[in-house]
Amino acid sequence: MTSMNKSNPLSFASVLLISLMLLFNGCYSFRDVSIPPEVKTVRIQYFENKARLFNPVLSPLLTDKLRQKVISQTRLTQVQGEDADYDIAGTITDCSVSTTGISNQQAASNRLNITVQIEFKNRLDESKNFEASVTRNFDFSASLTLDQAQLQLQDEIIRNLSDEIFNRIFSNW
C-alpha cells in the first residue's frame, strides 16, 4: 500500500496535467487566433496577379490555400456575398528577382521577391479595417531558370504567403 501512495501523486499530477491540456485545447486555440464572438462569416476574394513577372498559378493557389487555412483554423463560415462580417481582398503586386550571391564573377544565388497587397474589411467594426503589404523572399540557385525556381519553390511560396496573410488578419502579435 505504501508503494501505491508514493506513485499516486505522480499519477494524479499526470492525469491533472493531461486533463487541463485537453480542457484548454477545446477552449483556447494555441494558434493565437483572435476573432470576436459576434464575427460569423468571411469572404475571401480571388487574389488578382498584377505583377510584372507573371506566374499564372500563383493567384489561384494562394487564394485557395488562404481559404483552406481560414476554414481549418477558424470557426468562420465562408460566404460569397458582400454581407460577410470579414471581407479579405488581395492583389499580387510584385514578383521580381535579384542576385544575392556571386561566385567567380557570376551569379551563384538569386532571390525571388513576392509582394501581396491585402485589404481587410471588418463590417462590424470599421475601425479595424486596414491595408497592408506582405513581402516574402525565396532564395534559389542561379543555375535554375525563374520558371524552374518557381516550380521548385511553389509549395513554400504558397504556404509562407498564406501564413503571413493569415497572421496579419487573425493574430494579435
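Nothing here was measured: the structure is a model prediction, and the numbers come from that model.

Draft legend 1. Molecular detail of the pairing of strand E4 (residues 86–103). By the bridge criterion, three bridges tie strand E1 (residues 41–44) to E4 in an arrangement that is parallel. Bridging across to E4, valine 42 finds its partner in tyrosine 86. Taken together, E4 and the strand that follows it, strand E5 (residues 106–122), pair antiparallel across an intervening segment of two residues, in which asparagine 104 is found at a positive phi of about 55 degrees.

Draft legend 2. Looking closely at helix H2 (residues 58–73). For H2, which comprises 16 residues, the first-to-last C-alpha distance of 22 Å matches the rise-based estimate of 22 Å (1.5 Å per residue) to within 8%. For H2, the set of buried residues is Leu58, Ser59, Leu62, Thr63, Leu66, Lys69 and Val70. Along the axis of H2, the buried residues cluster in a sector spanning 130 degrees; they form a single face. In H2, the exposed positions angled more than 90 degrees off the buried face are occupied by Ile71 and Ser72. Buried residues along H2 sit in contact with E1, strand E2 (48–49), strand E3 (77–78), E4, E5 and helix H3 (146–170).

Draft legend 3. The arrangement of the side chain of asparagine 49 in detail. Inspection of the secondary structure assignment puts asparagine 49 in strand E2. Residue classification places asparagine 49 among the buried positions, given a relative accessible area of 11%. Those residues in contact with asparagine 49, other than ones at most four positions away along the chain, are Phe54, Asn55, Leu58, Ser59 and Ile92.

Draft legend 4. Summary view of the packing of H2 against H3. Axis separation between H2 and H3 bottoms out at 9 Å; the angle between their running directions is 50 degrees. Overall, the two elements H2 and H3 adopt an arrangement that is oblique. The crossing of H2 and H3 is right-handed. Mapping the contact onto sequence places Leu58, Leu61, Leu62, Lys65, Leu66, Lys69, Val70 and Gln73 in H2 and Gln154, Ile157, Ile158, Arg159, Leu161, Ser162, Asp163, Ile165, Phe166 and Phe170 in H3. Of the residues assigned to the contact of H2 with H3, the class counts are 11 nonpolar, three polar and four charged.

Draft legend 5. Representation of the confidence of the model for the protein in the model. Mean pLDDT for the protein: 85, with 80% of residues reaching 70 or above. Highest mean pLDDT in the protein belongs to E1 (98); lowest belongs to helix H1 (residues 2–27) (46).

Draft legend 6. Focus on the environment of leucine 61. The topology assignment puts leucine 61 in helix H2. You can call leucine 61 partly exposed: its relative accessible area is 32%. With 98 residues separating them along the chain, leucine 61 and arginine 159 place their C-alpha atoms 9.7 Å apart.

Draft legend 7. Layout of the environment of aspartate 139. Residue placement: aspartate 139 occurs in strand E6 (residues 130–141). Aspartate 139 sits 38 residues away from glycine 101 along the chain, and the two C-alpha atoms are 9.9 Å apart. With residues near it in sequence (within four places) discarded, aspartate 139 still touches Thr100, Asn110, Arg111 and Leu153. Reaching out from aspartate 139, the side chain makes a polar contact with the side chain of arginine 111 at a distance of 2.6 Å.

The rules behind the values
- Residues numbered from 1 in each chain as written.
- Predicted model: local features only at pLDDT ≥ 70, side-chain atom pairs only at ≥ 80, totals over all residues.
- Heavy atoms only, no water.
- Pairing = 2+ DSSP bridges.
- Helix = DSSP H or I, 4+ residues; strand = E, 2+ residues; numbered from the N terminus.
- Expected span 1.5 Å × (residues − 1).
- Buried < 20%, exposed > 50% of the residue type's maximum accessible area, 1.4 Å probe, protein only.
- Arc of directions from axis to C-beta.
- Contact = heavy atoms within 4.5 Å.
- Axes fitted to C-alpha atoms, helices over the stretch in contact; angles between N-to-C directions.
- Parallel < 35°, antiparallel > 145°, perpendicular 65-115°, else oblique.
- Left-handed = near helix turned anticlockwise from the far one by under 90°.
- Nonpolar A, V, L, I, M, F, W, Y, C, P; charged D, E, K, R; others polar.
- pLDDT = per-residue confidence, 0-100.
- Polar contact = N/O pair within 3.5 Å; in protein donor to acceptor, adjacent residues only side chain to side chain.

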